[in-house]
Amino acid sequence: MLSGLSFSSAMATTPALVKIPVIPAPHVQRSIVRPACSTPPHKLYLSNLDDFITYRLFIKIFFVCKPNDDFDYEQSSQEFKRVLARFLVPFYPLAGRIKETSDGKFEVDCNDLGALVLEGYSDDTLEEVKDPHAAKAFCKRFVYDWRGPITESPLLVFQVCG
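Residues numbered from 1 in each chain as written. Predicted model: local features only at pLDDT ≥ 70, side-chain atom pairs only at ≥ 80, totals over all residues. Heavy atoms only, no water.

1. A look at the overall build of the protein chain
Scanning the protein chain from terminus to terminus reveals two helices and six strands. Taken from N to C terminus, the helices and strands of the protein chain fall in the order β-β-α-β-β-β-α-β. By residue count, 33% of the 162 residues in the protein chain fall in the buried class. At a minimum sequence separation of 6, the contacts of the protein chain that also span at least 24 residues come to 73%. With an accessible surface of roughly 10500 Å², the protein chain has 58% of that area assigned to carbon and sulfur atoms. (Helix = DSSP H or I, 4+ residues; strand = E, 2+ residues; numbered from the N terminus. Buried < 20%, exposed > 50% of the residue type's maximum accessible area, 1.4 Å probe, protein only. Contact = heavy atoms within 4.5 Å. Areas by Shrake-Rupley, 256 points an atom, 1.4 Å probe, with all protein chains shown as cover.)

In C-alpha coordinates:
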(Lines give C-alpha, C1' and ligand atoms only; values in the text may rest on other atoms or scores of the structure.)
Protein backbone atom coordinates (compact mmCIF):
# COMPACT_ATOMS: atom_id res chain seq x y z
CA MET A 1 0.00 0.00 0.00
CA LEU A 2 2.86 2.39 0.76
CA SER A 3 5.32 1.25 -1.90
CA GLY A 4 6.14 3.76 -4.59
CA LEU A 5 4.73 6.73 -2.67
CA SER A 6 6.23 10.14 -2.85
CA PHE A 7 6.55 11.40 0.69
CA SER A 8 7.04 14.97 -0.44
CA SER A 9 3.26 15.30 -0.82
CA ALA A 10 2.78 14.04 2.72
CA MET A 11 5.16 16.64 4.12
CA ALA A 12 3.49 19.70 2.67
CA THR A 13 3.94 23.11 4.13
CA THR A 14 0.97 24.42 6.05
CA PRO A 15 -2.05 24.30 3.70
CA ALA A 16 -4.43 27.25 3.60
CA LEU A 17 -7.31 25.34 5.21
CA VAL A 18 -5.29 24.30 8.26
CA LYS A 19 -5.21 26.95 10.97
CA ILE A 20 -1.88 26.85 12.80
CA PRO A 21 -1.13 29.10 15.78
CA VAL A 22 1.68 31.60 15.70
CA ILE A 23 4.68 29.98 17.30
CA PRO A 24 7.01 32.27 19.27
CA ALA A 25 10.73 32.43 18.42
CA PRO A 26 12.99 30.24 18.77
CA HIS A 27 10.73 27.90 16.75
CA VAL A 28 12.08 28.33 13.29
CA GLN A 29 9.99 26.01 11.15
CA ARG A 30 6.56 24.46 11.29
CA SER A 31 5.02 21.99 8.90
CA ILE A 32 2.05 19.70 8.60
CA VAL A 33 2.76 16.03 7.97
CA ARG A 34 -0.18 14.25 6.38
CA PRO A 35 -0.71 10.51 6.07
CA ALA A 36 1.44 8.97 3.32
CA CYS A 37 -1.69 8.00 1.40
CA SER A 38 -5.35 8.98 1.64
CA THR A 39 -7.42 7.41 4.40
CA PRO A 40 -11.20 6.94 4.81
CA PRO A 41 -12.96 10.25 5.53
CA HIS A 42 -15.53 9.88 8.30
CA LYS A 43 -16.36 11.05 11.80
CA LEU A 44 -15.74 9.25 15.10
CA TYR A 45 -18.05 10.31 17.90
CA LEU A 46 -16.43 10.68 21.28
CA SER A 47 -17.85 8.91 24.31
CA ASN A 48 -19.41 10.93 27.12
CA LEU A 49 -16.25 10.41 29.16
CA ASP A 50 -14.07 11.74 26.31
CA ASP A 51 -16.43 14.67 25.91
CA PHE A 52 -16.24 15.71 29.56
CA ILE A 53 -15.01 19.32 29.63
CA THR A 54 -12.51 18.72 32.45
CA TYR A 55 -10.57 16.25 30.32
CA ARG A 56 -9.85 18.65 27.47
CA LEU A 57 -6.16 19.07 27.98
CA PHE A 58 -2.89 19.15 26.18
CA ILE A 59 -0.45 16.51 27.41
CA LYS A 60 3.23 17.39 27.08
CA ILE A 61 5.93 14.76 27.20
CA PHE A 62 9.47 16.07 27.07
CA PHE A 63 12.29 13.72 26.04
CA VAL A 64 15.89 14.86 25.97
CA CYS A 65 18.79 12.95 24.52
CA LYS A 66 22.38 13.78 23.85
CA PRO A 67 23.27 13.36 20.15
CA ASN A 68 26.48 11.73 19.11
CA ASP A 69 29.17 13.64 17.19
CA ASP A 70 28.07 12.52 13.73
CA PHE A 71 24.38 13.42 14.29
CA ASP A 72 22.82 14.98 11.18
CA TYR A 73 19.85 17.07 12.31
CA GLU A 74 18.48 17.73 8.81
CA GLN A 75 18.61 14.08 7.76
CA SER A 76 17.04 12.96 11.06
CA SER A 77 14.28 15.54 10.72
CA GLN A 78 13.38 14.40 7.19
CA GLU A 79 13.42 10.74 8.24
CA PHE A 80 11.17 11.53 11.22
CA LYS A 81 8.64 13.17 8.90
CA ARG A 82 8.71 10.23 6.47
CA VAL A 83 8.12 7.77 9.30
CA LEU A 84 5.37 9.95 10.78
CA ALA A 85 3.59 10.09 7.39
CA ARG A 86 3.61 6.28 7.25
CA PHE A 87 2.51 6.01 10.91
CA LEU A 88 -0.50 8.23 10.21
CA VAL A 89 -1.92 5.75 7.68
CA PRO A 90 -3.08 3.04 10.14
CA PHE A 91 -3.60 5.63 12.90
CA TYR A 92 -5.38 8.11 10.62
CA PRO A 93 -7.78 9.55 13.24
CA LEU A 94 -4.71 11.24 14.77
CA ALA A 95 -4.35 13.20 11.50
CA GLY A 96 -7.87 14.60 11.94
CA ARG A 97 -9.35 17.41 14.02
CA ILE A 98 -11.89 17.72 16.81
CA LYS A 99 -15.17 19.20 15.61
CA GLU A 100 -18.23 20.25 17.58
CA THR A 101 -21.58 18.82 16.46
CA SER A 102 -24.83 20.78 16.32
CA ASP A 103 -25.83 19.35 19.73
CA GLY A 104 -22.58 20.50 21.39
CA LYS A 105 -20.86 17.09 21.44
CA PHE A 106 -17.37 16.59 20.07
CA GLU A 107 -16.22 14.16 17.41
CA VAL A 108 -13.01 13.40 15.56
CA ASP A 109 -13.24 14.46 11.93
CA CYS A 110 -10.97 12.00 10.10
CA ASN A 111 -9.94 14.39 7.33
CA ASP A 112 -6.19 13.82 6.75
CA LEU A 113 -5.29 17.39 7.76
CA GLY A 114 -2.18 15.98 9.41
CA ALA A 115 0.03 16.30 12.46
CA LEU A 116 1.93 19.48 13.34
CA VAL A 117 5.72 19.21 13.41
CA LEU A 118 7.70 22.08 14.93
CA GLU A 119 11.44 22.29 14.48
CA GLY A 120 13.49 24.60 16.64
CA TYR A 121 17.04 25.24 17.71
CA SER A 122 18.55 26.20 21.02
CA ASP A 123 22.03 26.90 22.30
CA ASP A 124 21.03 25.57 25.73
CA THR A 125 22.93 22.50 26.89
CA LEU A 126 21.61 19.56 28.86
CA GLU A 127 23.73 20.70 31.81
CA GLU A 128 21.96 24.07 31.82
CA VAL A 129 18.49 22.55 32.09
CA LYS A 130 19.24 19.87 34.70
CA ASP A 131 18.13 22.16 37.51
CA PRO A 132 14.29 21.98 37.86
CA HIS A 133 13.95 25.80 37.88
CA ALA A 134 16.10 26.15 34.77
CA ALA A 135 14.19 23.32 33.06
CA LYS A 136 10.87 25.03 33.82
CA ALA A 137 12.14 28.32 32.37
CA PHE A 138 13.47 26.49 29.30
CA CYS A 139 10.12 24.76 28.75
CA LYS A 140 8.19 28.00 29.16
CA ARG A 141 10.39 29.69 26.59
CA PHE A 142 10.81 26.85 24.12
CA VAL A 143 8.22 24.06 24.40
CA TYR A 144 4.99 24.32 22.38
CA ASP A 145 1.95 25.21 24.47
CA TRP A 146 -1.53 25.28 22.94
CA ARG A 147 -3.94 27.79 24.50
CA GLY A 148 -6.54 28.08 21.72
CA PRO A 149 -9.84 26.29 21.15
CA ILE A 150 -9.59 22.50 20.95
CA THR A 151 -11.35 22.60 17.58
CA GLU A 152 -8.43 24.51 16.02
CA SER A 153 -5.59 22.34 17.27
CA PRO A 154 -4.05 19.35 15.51
CA LEU A 155 -4.57 16.17 17.55
CA LEU A 156 -0.91 15.25 17.28
CA VAL A 157 1.93 17.74 17.72
CA PHE A 158 5.63 16.91 17.67
CA GLN A 159 8.43 19.27 18.48
CA VAL A 160 11.93 18.43 17.35
CA CYS A 161 14.74 20.55 18.74
CA GLY A 162 18.35 20.69 17.75
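2. Digging into the nonpolar core
Counting residues in hydrophobic clusters, the biggest one holds 11 residues: Val33, Ala36, Cys37, Leu84, Ala85, Leu88, Val89, Ala95, Ala115, Val117 and Leu156. Looking at this core, the elements with two or more residues in it are helix 1 (73-87) and strand 5 (115-120). Excluding residues that lie within four positions of it along the chain, leucine 84 makes contacts with Val33, Ala115, Val117, Leu156 and Phe158. (Core = buried A, V, L, I, M, F, W, Y, C linked by side-chain atoms within 4.5 Å.)

3. As for the sheet that holds strand 2 (residues 42-45)
As summarised here, the arrangement of the three strands in space is 2-4-3, forming an open sheet in which the pairing is antiparallel. What marks the edges here is a single partner per strand, and that holds for strand 2 and strand 3 (97-100). Sheet twist, expressed as the mean angle between neighbouring strand axes with direction ignored, is 40°. As defined by bridge partners, strand 3 adjoins strand 4 (residues 106-110) across four bridges and the pair is classed as antiparallel. Looking at strand 4, one finds that isoleucine 98 is bridged to valine 108. (Pairing = 2+ DSSP bridges. Axes fitted to C-alpha atoms, helices over the stretch in contact; angles between N-to-C directions.)

4. Remarks on the side chain of aspartate 112
Tracing the backbone shows aspartate 112 in the loop between strand 4 and strand 5. Of the side chains bearing the opposite charge, arginine 34 lies closest to the buried aspartate 112, which forms no salt bridge; the N-O distance is 7.6 Å. If we ignore the near neighbours within four places in the chain, the residues touching aspartate 112 are Arg34, Pro35, Cys37, Ser38, Thr39 and Ala95. (Lys, Arg positive; Asp, Glu negative; His and termini not counted. Salt bridge = Lys/Arg side-chain N within 4 Å of Asp/Glu carboxyl O.)

5. Some remarks on unusual backbone geometry
Here the phi dihedral of aspartate 112 falls at roughly 60°; this positive angle occurs in a residue that is not glycine. For aspartate 112, a relative accessible area of 17% translates into the label buried.

6. Some thoughts on helix 1
Taking 1.5 Å of rise per residue, 15 residues should cover 21 Å, and helix 1 covers 21 Å from first to last C-alpha, within 8% of that figure. Along helix 1, the residues classified as buried are Tyr73, Ser77, Lys81, Leu84 and Ala85. The buried side chains of helix 1 occupy one side of the element, clustering within an arc of 110° when seen end-on. Where helix 1 starts, the residue carrying a side-chain oxygen 3.2 Å from the main-chain nitrogen of glutamate 74 turns out to be aspartate 72. (Expected span 1.5 Å × (residues − 1). Arc of directions from axis to C-beta. Polar contact = N/O pair within 3.5 Å; in protein donor to acceptor, adjacent residues only side chain to side chain.)

7. So, the pattern of salt bridges
Summed over all chains, the structure comprises three salt bridges. The salt bridge involving aspartate 109 is made with lysine 43; its shortest N-O contact spans 3.3 Å. Here aspartate 109 is found in strand 4, whereas its partner lysine 43 is found in strand 2, with 66 residues between them in sequence. Accessibility expressed as a relative area gives 14% for aspartate 109, which makes it buried. The salt bridge partner of arginine 82 is glutamate 79, with a shortest N-O separation of 3.0 Å. Of this pair, arginine 82 and glutamate 79 are both found in helix 1, three residues apart, which corresponds to roughly one turn of the helix.

8. A few points about the confidence of the model for the protein chain
Averaged over every residue, the pLDDT of the protein chain is 75; the share at 70 or more is 66%. The lowest-confidence element of the protein chain is helix 2 (residues 132-142), averaging 73 in pLDDT; the highest-confidence one is strand 4, averaging 93. Every residue in residues 1-25 is under pLDDT 50, and counting partners more than four places away or in other chains gives 48 contacts. (pLDDT = per-residue confidence, 0-100.)

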